[in-house]
Amino acid sequence: MNFVLDQYAPYVWTSYAVFVAMLVWDFLMPQLRMRKVRRELGKQQRREAARAARTGAGS
Amino acid sequence: MNPILLWFHKMGSPPTFHAFASRWAPWFFILSLPVLIFGMWQGLFVVPADYQQGDSYRILFIHVPAAWMSLSIYAVMAINAFIALVWRIKLSETLAMCCAPVGAAFTFVTLVTGAVWGKPMWGTWWTWDARLTSELVLLFLYLGVIGLYAAIEDRRAAARAACFLALIGVVNVPIVHFSVEWWNSLHQGATIKLFRESTIHPSMVLPLIAMFFGTKLWFAGSLLARTQAAMYELESGKDWVRRDMEGRQ
C-alpha cells in the first residue's frame, strides 16, 4: 500500500475517481428521468380530470 | 413456440418489459457493486506493482474493463439496431438508443484514463495513434447516434435513422480491436488472450476478471433502467402506463 504516497498516486486516484463518478452519473440518470416522466404524467392526468369535472358540471 | 422464443416474444410487449425491468434492474446493480468494489480494491491495494511501470499500471484495472465495455456495448447497440430495422420492434429500438449514452460514458472513461496513464508512461496525454484515434472515433459514433436520435421530432423515424448510423459504425469495432496489430502503435498489444497463453502476470488477472463481470452486470442494470424510463415516456399515452400511474397514486 506504499503507493498511496507514490509519485503516480495522483494519476491512479484520478482514474478511479473518474470511473466511480461515471457510475454514479449512470445510476442517477434513469432514476431522474423516470421521476420526471411520472411527475409530468401525473400533472397531465390531474389537468384532464379537472377538465372532465368542469365539463361534467356544465352540462 | 419454444420457451426461449416465447420469452422474447413476450418481452417485446412494453408492460411485460416494464415489469421485468422493475424487478431485475435493481438486482443487477446490487450484484455488480460488491464485484466492482472487490476488483478495485484488489487492483489498488492487493496486486503487486508492475516491474516496469510501478504503481501507475493500476490504472489498467479501470482502463481495460472500460475499453472492453466501450466495444461490447457498441455490439449490443448494433445487434438491437439490426433487429429494430429488420423487424421494427419498438423495444429493440429503445434498447439500442439507451445503449448509446452508457457506451459513450465508458468510451469517455477509457479515453480519460488512457490519457492519465499516458502522461507518466509515454510522456504525453494524447497522440494521434491508431488505437487512440479509432477509440475517439467510437466516442464520436456514440455521440452521433445520441445527436441524431435527439434531432428528429418523430421518435420512430429518429430511432430508425440513428439505428442506421449505429449499424454502419460497427465497422469501427474490429478496427479498434485490431488497430494495435494492424498498425505500428504506441499502445501496447493485448496481454489477455482467449486462445493463446496470456502474457499478463496471473496475480493481475483476478481483479481484471472481477472488473469484467462487474461492468457487465452494471451495464445490464443500467440498460434495463434506462430503457424502462424511455419506454414509459414513449408509451405515456397508452392504457398500461395510465393504469400504472393510477396504481401509484
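Further up the page is the structure itself.
Quick notes on the rules
Residues numbered from 1 in each chain as written. Chains lettered and ligands numbered in written order. Predicted model: local features only at pLDDT ≥ 70, side-chain atom pairs only at ≥ 80, totals over all residues. Heavy atoms only, no water. Axes fitted to C-alpha atoms, helices over the stretch in contact; angles between N-to-C directions. Helix = DSSP H or I, 4+ residues; strand = E, 2+ residues; numbered from the N terminus. Parallel < 35°, antiparallel > 145°, perpendicular 65-115°, else oblique. Contact = heavy atoms within 4.5 Å. Salt bridge = Lys/Arg side-chain N within 4 Å of Asp/Glu carboxyl O. Buried < 20%, exposed > 50% of the residue type's maximum accessible area, 1.4 Å probe, protein only. Disulfide = S-S within 2.5 Å. Buried area = accessible area lost by both parts, 1.4 Å probe. Polar contact = N/O pair within 3.5 Å; in protein donor to acceptor, adjacent residues only side chain to side chain. Nonpolar A, V, L, I, M, F, W, Y, C, P; charged D, E, K, R; others polar. Phe/Tyr/Trp six-rings, centres within 6.5 Å; stacked < 30°, edge-to-face > 60°. Lys NZ or Arg CZ within 6 Å of the ring centre and 35° of its normal.

**Some words on the packing of helix 1 (residues 3-11) of chain B against helix 2 (residues 14-46) of chain B**
When two helices pack together, their arrangement is given by the angle between the helix axes and the distance between those axes. All names here are of chain B. Following both chains from N to C, one finds helix 1 and helix 2 inclined at 100 degrees, their axes separated by 7 Å at the closest point. Taken as axis vectors, helix 1 and helix 2 run roughly perpendicular relative to one another. On helix 2, the residues that touch Trp7, Lys10 and Met11 of helix 1 are Thr16, Phe17 and Phe20.

**Quick word on the pattern of salt bridges**
Tallied over the full model, the rule gives nine salt bridges over all chains. A salt bridge links Arg226(B) to Asp26(A), with the nearest nitrogen and oxygen atoms 2.8 Å apart. Placement of the pair is Arg226(B) in helix 8 (residues 205-234) and Asp26(A) in helix 1 (residues 9-58), with the two residues belonging to separate chains. Among the residues examined, Asp26(A) registers a relative accessible area of 0% and is labelled buried. With its nearest N and O atoms 2.8 Å apart, the salt bridge here joins Arg58(B) to Asp55(B). Here Arg58(B) falls in the buried class, since its relative accessible area comes to 5%.

**Some details on the state of the cysteines**
Residue and element names in this part refer to chain B. For the structure shown, the criterion picks out zero disulfides over all chains. Considering cysteine sulfurs only, Cys99 is the nearest to Cys98, which forms no disulfide, with 7.6 Å between them. Overall, the relative accessible area of 5% leaves Cys98 in the buried class.

**So, the interface of chain A and chain B**
In this complex, chain A contributes 29 residues to the contact, which on the side of chain B involves 44 residues. Across the chain A/chain B interface, buried area totals approximately 3,400 Å², and carbon plus sulfur atoms make up 73% of it. By the criterion of area lost to chain B, the three top residues of chain A are Tyr16(A), Phe19(A) and Arg38(A), representing 21% of everything that side buries. Taken together, the connections running from chain A to chain B amount to four salt bridges. There are eight residue pairs in polar contact (both at pLDDT 80 or more) connecting chain A and chain B. Its residues assigned to classes, the side of chain A that touches chain B comprises 19 nonpolar, five polar and five charged.

**With respect to the packing of aromatic side chains**
Throughout the structure, instances matching the rule amount to 15 aromatic pairs over all chains. On the basis of an interplanar angle of 50 degrees and a centroid distance of 6.2 Å, the ring pair of Phe38(B) and Trp41(B) is categorised as tilted. Separated by three residues within a single helix, Phe38(B) and Trp41(B) lie in helix 2, roughly one turn from each other. Accessibility expressed as a relative area gives 44% for Trp41(B), which makes it partly exposed. A centroid spacing of 5.7 Å and a plane angle of 70 degrees characterise the contact between Tyr57(B) and Phe61(B), whose relative ring orientation is edge-to-face. Each member of the pair, Tyr57(B) together with Phe61(B), is buried. Taken together, the ring pairs in this structure connect Phe27(A), Phe29(B) and Trp218(B) into an aromatic cluster. When the ring centre of Tyr232(B) is taken as reference, the NZ or CZ atom of Arg38(A) above it lies at 4.7 Å.

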